[in-house]
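What the coordinates show
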Amino acid sequence: MHHDYDVLIIGAGSAGLTAALTLGRCLRRVLVADGGPPRNECSPGVHGFLTRDGIRPAELLRLGREQLRPYDTVEVAGLRIDSLIRQGRGFCATGSSTADDASRTVTARRVLLATGVSDVLPPLPGFRELWGRGVLHCPYCHGWEVRGQPLAVYGRGRTVTGLALLVSRWSRDIVVVTDGAGHLTPNARRRLRREKISVEEQPVTRLIGSASRDLRCVVFADGSQLERAALFLHAPQHQRSPLAAGLGARLTSKGAVWVSSGLQTSVPGLYAAGDTTPGTQQALLAAAGGNKAAILINESLTREECPR
Ligand SMILES: Cc1cc2nc3c(=O)[nH]c(=O)nc-3n(C[C@H](O)[C@H](O)[C@H](O)COP(=O)(O)OP(=O)(O)OC[C@H]3O[C@@H](n4cnc5c(N)ncnc54)[C@H](O)[C@@H]3O)c2cc1C
């Protein structure tokens, strides 16, 4: 059966673009569906990415797309994939152009989902506005930039305890802000006290930031203000795209797309890489996942083309 492409890559972030590079170098016919900005678009810089430490997220991806240009079997299209179904041993996907909404249907022998996740922030004024600058999700990504400064860590229970203890390696001035009852066990309170981390359990009403989106202070229900340079939190997240679930692919209890050690989902021929899969979420790891998935996809296509 003829397919338009060997591989359809859905998502053009670090995972998707790296997979496209590897598959282009394998002379594979590839379509990269670029549905819009990446998860970290609000961040001023991607940190910890070898040779690109601190690069703007949009610039990293611009370079990634630019370096695909020599590989003329790779096409990158502004295309949001809305439906994905199995067709024979391959897939049929339909999407809409991000430029003019025109519908496009393509077929491919394999699909790589590199669609990432979305973060769900507390519905309080300031969180969304300061996201990526004064409100941070990961000390590995941003801890160095706010080292030694007064910091808040937002959340409850075990999650906030673990994050506050982790962040205390970057600053010795930390307040845990629980926004209501903190649900902290006596042991958690003792561990926080030992690191001189105080706990504020008053409800939060909003965050105040500067024009440059730095955090200035946390405002509590009684009107009092706590001056802080940044606030960390572990935001819940969900899959950016329902395509895997729509095909009946298995999800983990945390909502990630389950993959085998070969990065294949529970749907044969459907692979996944990057934040959409379980594990530590970093741009470099997403790129590595895209590279690995591309190699495994190329080997699976080669086995199909060169039967025993
Ligand atoms: C605020 C913030 C700051 C961060 N800072 C750092 C940092 O400093 N260093 C670091 O290593 N990591 C950082 N991260 C984590 C990093 O952003 C992710 O690990 C990385 O972006 C994951 O890459 P990905 O390709 O898996 O997903 P993404 O980069 O999110 O890319 C997924 C792409 O898929 C597209 N897409 C989704 N659905 C569809 C669809 N149906 N059709 C077509 N396209 C679709 C999306 O538009 C998006 O472009 C940060 C994250 C956040 C939230």
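Residues numbered from 1 in each chain as written. Predicted model: local features only at pLDDT ≥ 70, side-chain atom pairs only at ≥ 80, totals over all residues. Heavy atoms only, no water.

Structural notes on the nonpolar core
To keep it simple, the criterion reads: To qualify as a nonpolar core, a set must consist of buried Ala, Val, Leu, Ile, Met, Phe, Trp, Tyr and Cys residues joined through side-chain atoms within 4.5 Å. Per-residue accessibility, obtained with a 1.4 Å probe over protein chains only, is compared with the maximum for each type, and a residue is labelled buried under 20%, exposed over 50%, and partly exposed between these values.
With 47 residues, the main nonpolar core has L8, I9, I10, L84, L112 and L270 as its most contacted residues. With 18 residues, the next largest nonpolar core counts F127, L130, V175 and V204 among its residues.

Section: the site of the ligand
Definition in use: For each residue, the test is whether any non-hydrogen atom lies within 4 Å of the molecule or strand; if one does, the residue is near. N or O atoms within 3.5 Å of each other form a polar contact, as long as, within protein, one can give a hydrogen and the other can take it, and as long as residues adjacent in sequence are counted only when both atoms are side-chain atoms. For the area figures, the Shrake-Rupley method with a 1.4 Å probe applies, and any residue is considered shielded solely by the protein chains shown. Helix and strand labels come from DSSP, where a helix needs a run of H or I of at least four residues and a strand needs a run of E of at least two; each type is numbered from the N terminus. Classification convention: Asp, Glu, Lys, Arg as charged; Ala, Val, Leu, Ile, Met, Phe, Trp, Tyr, Cys, Pro as nonpolar; all other residues, Gly among them, as polar. These domain limits were set by an automatic method or by a database of domain assignments.
In the vicinity of the ligand lie 38 residues, with G36, H47, I81, D275 and A283 positioned nearest. Here an oxygen atom of the ligand sits 3.2 Å away from a polar atom, N or O, in the main chain of S14. Between the ligand and G35 there is a distance of 3.1 Å, counted from a nitrogen atom to a backbone nitrogen or oxygen. Protein chains bury 99% of the 1000 Å² of accessible surface belonging to the ligand in isolation. Put simply, the parts of the chain that give the shell around the ligand at least two residues each are helix 1 (14–25), strand 4 (79–87), helix 4 (139–142) and helix 8 (283–305). The element contributing the most residues to the shell around the ligand is strand 4, with three residues. Class assignment of the residues belonging to the shell around the ligand gives a composition of 15 nonpolar, 18 polar and five charged. Two domains each donate at least three residues to the shell around the ligand, and these are domain 1 (5–118 + 236–305) and domain 2 (121–233).

Some points on a positive patch on the surface
To keep it simple, the criterion reads: Patches here are clusters of residues that have more than 30% relative accessible area and form no salt bridge, with a 9 Å joining cutoff for like charges and a 5 Å cutoff for nonpolar side chains (Val, Leu, Ile, Met, Phe, Trp, Tyr). Each salt bridge in this description consists of a side-chain nitrogen of Lys or Arg and a carboxyl oxygen of Asp or Glu lying within 4 Å of one another. His is not counted, nor are the chain ends; Lys and Arg add positive charge and Asp and Glu add negative charge. The location of each charge is read from NZ of Lys, CZ of Arg, CG of Asp or CD of Glu.
Judged by side-chain charge, R190, R191, R193 and R194 come together as a positively charged surface patch. Structurally, R194 is set in helix 6 (residues 186–194). We classify R194 as exposed; its relative accessible area is 52%.

Looking at the environment of A93
Applied cut-off: Contacts are residue-level and defined by heavy atoms, with any inter-residue pair within 4.5 Å sufficient.
Tracing the backbone through its elements, the reader meets A93 in strand 5 (residues 90–97). Classification of A93 as buried rests on a relative accessible area of 1%. For the pair A93 and S83, spaced ten residues apart in sequence, the C-alpha to C-alpha distance is 5.6 Å. If sequence neighbours within four positions are ignored, A93 has contacts with L8, I81, S83, L84, R104, T105 and V106.

Brief notes about the pattern of salt bridges
One pass over the structure, following the stated rule, counts 18 salt bridges. In this structure, R65 engages D34 in a salt bridge whose closest nitrogen and oxygen atoms are separated by 3.8 Å. Of this pair, R65 sits in helix 2 (residues 57–66) while D34 sits in the loop between strand 2 (30–33) and helix 2; the two residues are 31 residues apart in sequence, bridging distant segments of the chain. Classification of R65 as partly exposed rests on a relative accessible area of 33%. Judged by its relative accessible area of 15%, D34 falls in the buried class. The partner of E304 in a salt bridge is R110, with the nearest N and O atoms 2.9 Å apart. Note that E304 is positioned in helix 8 and R110 in strand 6 (residues 103–113), a separation of 194 residues in sequence. Taken together, the shared-partner salt bridges in this structure form one network comprising D6, R28, R29, R89, R109, R110, E304 and E305.

Observations concerning the sheet that holds strand 11 (residues 198–200)
Which entries qualify depends on this criterion: Any two strands with at least two DSSP bridges between them are considered paired. Note on geometry: axes are lines fitted to C-alpha atoms, helical ones only across the stretch in contact, with angles between N-to-C directions running from 0 to 180 degrees.
Spatial ordering of the open sheet is given by 8-15-9-10-11, a layout of five strands whose pairing is parallel. Two strands bound the open sheet, and with one partner strand each, they are strand 8 (135–136) and strand 11. Note: strand 8 against strand 15 (residues 230–233), two bridges, orientation parallel. Bridge pairing in strand 15 links L136 to F232. Lying over the sheet, helix 5 (residues 157–167) contacts strand 9 (151–154), strand 10 (174–177) and strand 15, oriented at roughly 155° with respect to strand 9.

Some words on the domain arrangement of the protein chain
The criterion, for reference: By buried area we mean the combined loss of accessible area, with a 1.4 Å probe, across both parts when two parts are placed together.
Segmenting the protein chain into domains produces domain 1 (5–118 + 236–305) and domain 2 (121–233). Each of domain 1 and domain 2 was reduced to a C-alpha centroid, and the two centroids are 33 Å apart. Contacts between domain 1 and domain 2 engage seven residues on the former and ten residues on the latter. Each partner contributes to the roughly 690 Å² buried at the junction of domain 1 and domain 2, and carbon and sulfur atoms together form 47% of this total. Looking at the side of domain 1 facing domain 2, the largest losses of area belong to C42, H47 and Q282, adding up to 58% of the total buried there. The tally of links between domain 1 and domain 2 comes to zero salt bridges. Across the contact surface, domain 1 and domain 2 share three residue pairs in polar contact (both at pLDDT 80 or more). For the side of domain 1 that touches domain 2, a count of residues per class yields two nonpolar, four polar and one charged.

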